[in-house]
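These are the residues of each chain, in order.
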Amino acid sequence: MARIRVPYEYDGREFEGMLVYDDSVTEKRPALFMQPDWLGVCDHSADMAAQAGGSDFVMMVADMFGKGYGEVKRTQEELGTIARATRNNLPFVQGCGAAAFAALTAAADEHGLIDTGRIGAIGYCMGGGFVLEQARAGADFKGTVVFHVTLPNPVDPDTKPDFKGRVLAIHGSHDPVTPKPQMDALEAEFAENGVDWQLVNFGHAVHSFCVLGANSDHQRYDDRLCRQSYRMMRDFFAETF
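Residues numbered from 1 in each chain as written. Predicted model: local features only at pLDDT ≥ 70, side-chain atom pairs only at ≥ 80, totals over all residues. Heavy atoms only, no water.

K.L.:
Please clarify how the layout of surface pockets should be interpreted in this entry.
P.N.:
Over the atoms a probe the size of a water molecule is rolled, and this reveals where empty space is left. Volume-wise, the largest pocket comes out at about 460 Å³. For the lining of the largest pocket, the element with the most residues is helix 2 (residues 76–87), which contributes four residues. For the lining of the largest pocket, the residue count by class is 10 nonpolar, 13 polar and two charged. (1 Å grid on protein atoms, 1.4 Å probe; cavity = no way out; pocket = protein on both sides within 12 Å on 5 of 7 lines; lining within 4 Å. Points joined across faces, edges and corners; volume = space filled by probe spheres on them. Helix = DSSP H or I, 4+ residues; strand = E, 2+ residues; numbered from the N terminus. Nonpolar A, V, L, I, M, F, W, Y, C, P; charged D, E, K, R; others polar.)

Here it is, written out as structure tokens:
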């Protein structure tokens, strides 16, 4: 799997996203803009992108924390503090997210990798919250899939969302990070605004079932559920594109 770093700037800061794709495939493929979890752009996120995309998609991994962020080890408390502060800064999430999308799409197109008419988005954990805010702001995603999303509800509840494409949320029924009332509110938002949406709720699953290496009482990787999630994702985008 090829990994290409893609630098860009936003608000005077340097960021570095990544293209992850199977370089044995020569024809153009659809692209998935990916907002990773709170670890940012790192080998862990690149491995998840490769697992999700396989040979079917070019994965465009966004950086929301700054160049080199993913190379520094941090405690879970530190990661949570930084991620929540970033998530609550709505102008930054929308602006930096848009800059990431533009830079990664341009780089993938320049390399002749993607069909620019078939671009979707995915997000994991806090990255799911980021990508939902981009979709609310009218980002040109044909479809959006979020896995065990963290903070799924809008930072500004008074702003009418402008979703351009379909949405699929894949969640766990026993997720303590994003409990059921938050997902109920997300469903209500979709319904009230005429969004073409789907929600899959895995019984007994906790948070991070698609995050490689997660292993605690409330965050736990589940290979079976992860593979099932990616099958659902592929079916969703096959219908969308």
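K.L.:
Can you help me understand unusual backbone geometry in this one?
P.N.:
Generally, phi is negative for residues other than glycine and the peptide bonds are trans, each holding for most cases. Despite not being glycine, Cys-125 has its phi angle at roughly 55 degrees, a positive value. For Cys-125, a relative accessible area of 6% corresponds to the buried category. Not every positive phi belongs to a glycine, and Ser-208 is a case in point at roughly 70 degrees. Along the chain, the position of Ser-208 falls in the loop between strand 8 (197–202) and helix 6 (223–240). (Buried < 20%, exposed > 50% of the residue type's maximum accessible area, 1.4 Å probe, protein only.)

K.L.:
Looking at this structure, how should I read helix 6?
P.N.:
One turn of an α-helix holds 3.6 residues; hence residues three or four places apart share an orientation. End to end, helix 6 covers 25 Å across 18 residues, agreeing with the expected 26 Å (1.5 Å per residue, within 8%). Taken residue by residue, helix 6 has Leu-225, Cys-226, Ser-229, Tyr-230, Met-233, Phe-236, Phe-237 and Thr-240 as its buried positions. Angularly, the buried residues of helix 6 cover 135 degrees about the axis, an arc narrow enough to put them on a single face. Facing away from the buried surface of helix 6 by more than 90 degrees, the exposed residues are Arg-224, Asp-235, Ala-238 and Glu-239. Buried residues along helix 6 sit against strand 3 (29–35), helix 1 (43–53), strand 5 (114–124), strand 6 (143–147), strand 7 (166–172) and strand 8. Residue Asp-222 occupies the N-cap position of helix 6, its side-chain oxygen lying 3.1 Å from the main-chain nitrogen of Arg-224. (Expected span 1.5 Å × (residues − 1). Arc of directions from axis to C-beta. Contact = heavy atoms within 4.5 Å. Polar contact = N/O pair within 3.5 Å; in protein donor to acceptor, adjacent residues only side chain to side chain.)

K.L.:
I would appreciate a short explanation of empty space enclosed by the protein in the present structure.
P.N.:
Inspection of the entire model under this criterion finds three cavities of 30 Å³ or more. The volume enclosed by the largest cavity comes to roughly 50 Å³. A per-class count over the lining of the largest cavity returns two nonpolar, three polar and five charged.

K.L.:
Mind showing me how you'd approach the packing of helix 1 against helix 6 here?
P.N.:
Helix-helix packing is characterised by the crossing angle of the two axes and by the distance between the axes. For the pair helix 1 and helix 6, the least separation of the axes is 10 Å and the interaxial angle reads 60 degrees. Judged by the inter-axis angle, helix 1 sits oblique to helix 6. Where helix 1 abuts helix 6, its residues Met-48, Gln-51, Ala-52 and Gly-53 lie against Cys-226, Tyr-230, Met-233 and Arg-234. The class makeup of the residues in the contact of helix 1 with helix 6 is five nonpolar, two polar and one charged. (Axes fitted to C-alpha atoms, helices over the stretch in contact; angles between N-to-C directions. Parallel < 35°, antiparallel > 145°, perpendicular 65-115°, else oblique.)

K.L.:
Which parts of the structure should I look at to understand the pairing of strand 2 (residues 13–21)?
P.N.:
Successive residues of a regular strand alternate their side chains across the two faces of the sheet. For strand 2, the buried fraction is high: seven of the nine residues fall into the buried class. Bridge analysis of strand 1 (residues 2–10) against strand 2 gives nine bridges, and the strand direction is antiparallel. For Glu-9, the partnering residue across the bridge sits in strand 2 and is Glu-14. Inspection of the sheet shows strand 2 paired to strand 4 (residues 58–61) by three bridges, in the antiparallel sense. Bridge pairing in strand 4 places Val-20 opposite Met-59. (Pairing = 2+ DSSP bridges.)

Function cannot be read off these values alone, since they describe shape.
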